[in-house]
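Spelled out from the first residue to the last, the chains are:
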Number of protein chains: 2
Amino acid sequence: MRESNLGLVLRAVRENAPCSRADVAAVTGLTKATVSSLVADLMAHGLVRETGAAPERRVGRPGVMLALDGRRIAAVGLEVNVDYLTVVAVDLMERELLSRQVPFDAGAAGDSSRSAAARDDSRSAAARAEPRSAAARPDPRSAAARPDPRSAAARAEPATERLAALVRETLADPLLSGRTVLGISVAVPGLVDSPAGVVTDAPNLRWSGFPLRDRLRALLDAAGLGALPLLVDNDANLGAVAEYRSGHLAHTPDLVYLTGEVGIGAGVLVNGRPLRGSRGFGGEIGHIPLARRPRCGCGRYGCLEALAGVQAIVRRTVPDLVPAGPVTGSLVATAVAATVERARAGDADVLHALSRAGGWLGRGVATVVNLLNPRAVLLGGYFVPLAPWLLPPCTAELDAHVIAPDRGGCQVAASTLGLTAAARGGAAALVDALDTGRLPLPPPLPPTTAGTTP
Amino acid sequence: MRESNLGLVLRAVRENAPCSRADVAAVTGLTKATVSSLVADLMAHGLVRETGAAPERRVGRPGVMLALDGRRIAAVGLEVNVDYLTVVAVDLMERELLSRQVPFDAGAAGDSSRSAAARDDSRSAAARAEPRSAAARPDPRSAAARPDPRSAAARAEPATERLAALVRETLADPLLSGRTVLGISVAVPGLVDSPAGVVTDAPNLRWSGFPLRDRLRALLDAAGLGALPLLVDNDANLGAVAEYRSGHLAHTPDLVYLTGEVGIGAGVLVNGRPLRGSRGFGGEIGHIPLARRPRCGCGRYGCLEALAGVQAIVRRTVPDLVPAGPVTGSLVATAVAATVERARAGDADVLHALSRAGGWLGRGVATVVNLLNPRAVLLGGYFVPLAPWLLPPCTAELDAHVIAPDRGGCQVAASTLGLTAAARGGAAALVDALDTGRLPLPPPLPPTTAGTTP
């Protein structure tokens, strides 16, 4: 009860700062005595500070004003994708403290038999379940109930080790010095059993049934960081959270965020909360069937991401730069940059390919809009630099296929958060967990520093 | 406050009957004195009754037990569709008091220039907005901001008059004698602005921008029934409510109900509440684009309902019984019954057509399941008699196209509520509005009859 009331007061200060204790009591419905006691607690823990007297314009006796204290904590969000790892740290106000992106070929890592032909073959769902490499490392958790988790674990292990190293480097970064880290979140492009911390299936990473949270905790334990709360979630869900909390259409309650990577995922917010479905597997827009071909990385045919995902796009726009087989690693960013360059130069083939991809994207988004009637759809990731060419055909198909007048009031726009959206959203989700009492307060400050005015 | 506490007590009795006043206090967190006062009120209004002493097995002093009083109120749900009108009345426990279905060609009504060729032509979106008939009646509400609401209003008027007559007949029915009617709900297959009571667009009825609630109220006013609360909502939303409250998978919180009529609509429940979207236009699964053809009643191409709606099905299964142009009126039920007969007899063409339609349905449902990860999808309306032939290809396509393992735990089944689902759901929504304090209590009973034990 006290935990949730602490969160209530924290949220009231967040939304109303600068505000007095009396303001907080009025907003929360708590008594002034209770508010004073809770504020004292929050100040002792370094989350709220006094900012001085109320401004002149207020009537009555000037009260001491409260605001969030941005100096005490940090929340760290990671994202793993087929071609990069991202880390973002934010403070209590969700202001960015640091942001790094590391090229990393997570899809290929741990796969020693890598060749274009072999990898292409491996993309059928049936082949994915087979052991693929004599060099595959044994899975330390071979009890997991998947057909053959060894190769999946072997592929996931290098990325997990790199994530653990990124956490260690980030926590040692001078930009976070003196801060208590609330927790670590990891965004993954695929089906995630978030309560269990398990990546159920991430086709583009070729991970399945991988206990990412437990494995990351084991690696952090070795560095004395095993007690940090760890959150694993789908990248699109966390991207949607980031848009809701700090995007240019922040606080739009019915919002859809689309990841624009090799895969396409949807994070759906209904009344400001992620729509997860009965097992947490909602938002799989990338695999809605739109046509009879081409083959998708998931083994099916005609999925949206096989028609409008970044890999499908660059294979048509810059075929000279893209070898056969999956497009991963630093090649993705290179190929997208070359696509932008050629589109700017007016290359007819490139413009035609982008127009087709944008049209398929519009048909996919039309499905979401017909079903969910969101207020906004935001295109993220690599769709952002490609948006000038994708958006016009996308919105034309939307207008053609949405049955509600005026697209049901839906606005479609490029995200302003770029490739850091999912990591930022994960960090924001940790701050939200503190606000709602699902994460404990950081330890109290030493008595001499608590609640001082800067 | 008292209204919402009355609802709280009513729900507690609903969920726990037979129960004592102390049980209600324990469940609601209200004091026993408050509960006693609220129960007295509910008894005075005829909604709760005393059932005698507690059974022997209970410990302590036997208390007087409470239950809902099913004798006092009725809630009336109507549905309008292209080939029938339905009325269902339920009591406070949502037990059916009466149910009637009236054949009615709502799609053709009011259109005096009716011929197969002319109607087929009229189904383009552009043509829909044009005045089509010299005999079209002038719209009493010509201020409505639609391109030409006259013809749409003319088409909607006969159905509205028939609905008003149905209400009058139902309220005079001896099966409802002595009951106070809580309100009337109307389910419509199309986009409904429920707060305004306006049918925004119902392509298969060819209604658009029609102020159904105001028009129905005007007609009921003339019969002295103008004060009844009127609710207008989408048929699929109300079908989903019916499934949630009284279907064979009742209380499944993440549930999708599909209407199986000439149109296909989806009612989506998330955590037991309808997902409406930002303007109330969610659930339009019928118009998600799955292919490049055939032409749909909405004017677009390749929509799910043009591939798997009842009209698309019977045009292939019983072409000898179905003339060119839209299939409406009593022909729909006749053609479905003939389809069932021929499928039972093993007609290869019929079985092939049903298999194809079921497959398209599965691709449409796969999209919903990938996006929303529901626990159950229920096929309603005419899909129920066709389910033995539609379900196997539907689930096969689902298994092929849903990316989550085990279809994300989703069960697909035929509804047990048949063609009355939407009307029942509307009646249930009125009872729910009473439970949640959004509808006022019925007037108090005369003092002599209040709270007597039957």
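Relevant structure appears above.
My aim in this report is to walk through the structure given alongside it, one point at a time. Every residue gets a number counted from 1 within its own chain, in the order that chain's sequence is written. To label them, take the chains in the order written and letter them from A, then take the ligands in the order written and number them from 1. Local features in a predicted model are, by the rule used here, given only for residues with pLDDT of at least 70; side-chain atom pairs are given and counted only at 80 or more, and totals for whole chains, interfaces and linings are based on all residues. Think of the side-chain values as coming from all heavy atoms in the structure, minus any hydrogens and water.

### Details of the packing of helix α12 (residues 348-372) of chain B against helix α13 (residues 383-401) of chain B
All names here are of chain B.
At step 1: Two elements in contact, α12 and α13, have axes separated by 6 Å at closest approach and are oriented at 55°. In terms of their interaxial angle, α12 and α13 are classed as oblique. In this structure, the crossing between α12 and α13 has a hand that is right-handed.
At step 2: Split into classes, the residues belonging to the contact of α12 with α13 amount to 14 nonpolar, 6 polar and 2 charged. Fitted lines through C-alpha atoms give the axes, limited to the stretch in contact for helices. The angle between two N-to-C directions lies from 0 to 180 degrees. Going along the chain from the N terminus, every DSSP run of H or I of four or more residues is numbered as a helix, and every run of E of two or more is numbered as a strand. Note on angle classes: values under 35 degrees are labelled roughly parallel, values over 145 roughly antiparallel, values of 65 to 115 roughly perpendicular, and the remainder oblique. The hand of a helix crossing depends on one turn: near helix anticlockwise from the far one by less than a right angle means left-handed, and clockwise means right-handed. Classification convention: Asp, Glu, Lys, Arg as charged; Ala, Val, Leu, Ile, Met, Phe, Trp, Tyr, Cys, Pro as nonpolar; all other residues, Gly among them, as polar.

### As for the relation of the copies chain A and chain B
At step 1: Superposition of the copies used a least-squares fit over C-alpha atoms from residues whose pLDDT is at least 70 in both. Note on the copies: chain A fits chain B at an RMSD of 0.1 Å, the axial shift is 0.0 Å, and the rotation between them is 180°. Considering both components of the superposition, the chain copies are consistent with a two-fold axis. No C-alpha of chain A approaches the rotation axis more nearly than that of Leu290 of chain A, which lies at 2.8 Å.
At step 2: Only heavy atoms enter the contact rule, under which two residues are in contact if any of them lie within 4.5 Å. Looking at the interface residues of chain A, 100% of them are also at the interface in chain B, so both copies use one shared face.

### Considerations on the interface of chain A and chain B
At step 1: Chain A puts 44 residues into the contact, and the matching count from chain B is 44 residues.
At step 2: Note on definitions: buried area is the accessible-area loss of two parts on being combined, 1.4 Å probe, summed for both. It is Pro289, Leu371 and Ile403 of chain A in chain A that bury the most area against chain B; as a group they hold 20% of the surface buried on that side.
At step 3: Salt bridge criterion: a side-chain nitrogen from Lys or Arg within 4 Å of a carboxyl oxygen from Asp or Glu. On inspection of chain A and its partner chain B, the count reaches 2 salt bridges.
At step 4: Identification of polar contacts relies on pairs of N or O atoms within 3.5 Å, with a donor-acceptor requirement for protein atoms, meaning one able to donate a hydrogen and the other able to accept it, and with residues adjacent in sequence counted only if both atoms are side-chain atoms. Taken together, chain A and chain B are joined by 23 residue pairs in polar contact (both at pLDDT 80 or more).
At step 5: Counting only elements with at least two residues in the side of chain A that touches chain B, the list comes to α12 (348-372) and α13 (383-401) of chain A.
At step 6: Considering each element in turn, the side of chain A that touches chain B owes the most residues, 7 residues, to α12 of chain A.
At step 7: Of the residues contributing to the side of chain A that touches chain B, the split by class is 22 nonpolar, 13 polar and 9 charged.

### Observations regarding a positive patch on the surface
At step 1: Exposure above 30% relative accessible area and the lack of any salt bridge qualify a residue for a patch; like charges then connect within 9 Å, and the nonpolar side chains Val, Leu, Ile, Met, Phe, Trp and Tyr within 5 Å. Here the Shrake-Rupley method, with its probe set to 1.4 Å, supplies the accessible areas, and only the displayed protein chains count as covering residues. Asp and Glu are treated as the negative residues and Lys and Arg as the positive ones, with His and the ends of the chain left uncounted. For charged residues, the charge sits on one atom: NZ in Lys, CZ in Arg, CG in Asp, CD in Glu. Side chains of Arg292 of chain A together with Arg293, Arg316 and Arg356 of chain B sit close together on the surface and give a patch of like positive charge.
At step 2: Of note, Arg316 of chain B is situated in helix α10 (residues 310-317).

### A word on the sheet that holds strand β11 (residues 230-234) of chain A
Residue and element names in this part refer to chain A.
At step 1: Here, strands pair whenever DSSP counts at least two bridges between them. With respect to topology, 5 strands assemble into an open sheet ordered β6-β5-β4-β7-β11, the strand pairing being mixed. Bordering the open sheet on either side are β6 (96-103) and β11, each of which pairs with just one other strand. The average angle at which neighbouring strand axes cross in this sheet is 15°, direction not considered.
At step 2: As paired strands, strand β4 (residues 73-80) and strand β5 (residues 84-90) are joined by 6 bridges and run antiparallel to one another. In the strand pairing of β5, Val80 is matched with Leu85.
At step 3: Packing against the sheet, helix α8 (residues 235-246) makes contact with β4, β7 (180-188) and β11, and its axis sits at approximately 100° to β11.
At step 4: Along the sheet face, helix α14 (residues 421-435) touches β4, β5, β6, β7 and β11 and points at about 140° away from the line of β4.

### As for helix α2 (residues 21-28) of chain A
The α-helix winds at 3.6 residues per turn, so residues separated by three or four positions along the chain end up facing the same way.
All names here are of chain A.
At step 1: Taken together, the buried positions of α2 are Val24, Ala25 and Thr28. Down the axis of α2, the buried set is contained in an arc of 100°. They therefore lie on one face. Structural note: α2 exposes Ala26 and Val27 on the side pointing more than 90 degrees away from its buried face.
At step 2: Where α2 is buried, its residues touch α1 (2-16), β1 (19-20), α3 (32-44) and β3 (64-68). Partly exposed describes any residue whose relative accessible area lies between the buried limit of under 20% and the exposed limit of over 50%, with all areas from a 1.4 Å probe on protein chains only and scaled to the type maximum. This arc describes the spread of directions from the helix axis toward the C-beta atoms.

### Observations concerning the sheet that holds strand β14 (residues 273-274) of chain A
Residue and element names in this part refer to chain A.
At step 1: The strand order across the open sheet formed by 5 strands is β14-β13-β12-β15-β16, and the pairing between neighbours is mixed. Every interior strand has two partners, whereas the edge strands, β14 and β16 (411-414), have only one.
At step 2: Examined bridge by bridge, strand β15 (residues 376-379) and β16 share 4 bridges and lie parallel to one another. Each residue of the ladder has a partner; that of Val377, found in β16, is Val412.

### Re the pattern of salt bridges
A side chain with one charge can pair with a side chain of the opposite charge if their charged atoms come near.
At step 1: With the rule as written, the count across this model stands at 34 salt bridges over all chains.
At step 2: Arg245 of chain A is the salt-bridge partner of Glu94 of chain A, the closest N and O atoms lying 2.6 Å from each other. Here the residue Glu94 of chain A occupies a position in the loop between β5 and β6, and Arg245 of chain A occupies one in helix α8, the gap between them amounting to 151 residues.
At step 3: The salt bridge partner of Asp435 of chain B is Arg14 of chain B, with a shortest N-O separation of 2.8 Å. Of the two residues, Asp435 of chain B sits in helix α14 (residues 421-435) while Arg14 of chain B sits in helix α1 (residues 2-16), which places them 421 residues apart along the sequence.
At step 4: The network of salt bridges with shared partners includes Glu94, Arg245, Arg273, Asp432 and Arg438 of chain A.

### A few points about the pairing of β15 of chain A
Residues and elements named next belong to chain A.
At step 1: Side chains of β15 alternate between two faces, with Ala376 and Leu378 and Val377 and Leu379 buried alike.
At step 2: Note that strand β12 (residues 255-258) and β15 share 4 bridges and pair parallel. Across the sheet, residue Tyr257 finds its bridge partner in β15, namely Leu378.

### Re the environment of Ala343 of chain A
At step 1: Among the structural elements, Ala343 of chain A can be located in helix α11 (residues 331-344).
At step 2: Between the C-alpha atoms of Ala343 of chain A and Leu386 of chain A, which are 43 residues apart in sequence, the distance is 9.0 Å.

As far as function goes, none of this settles anything; it's purely spatial.
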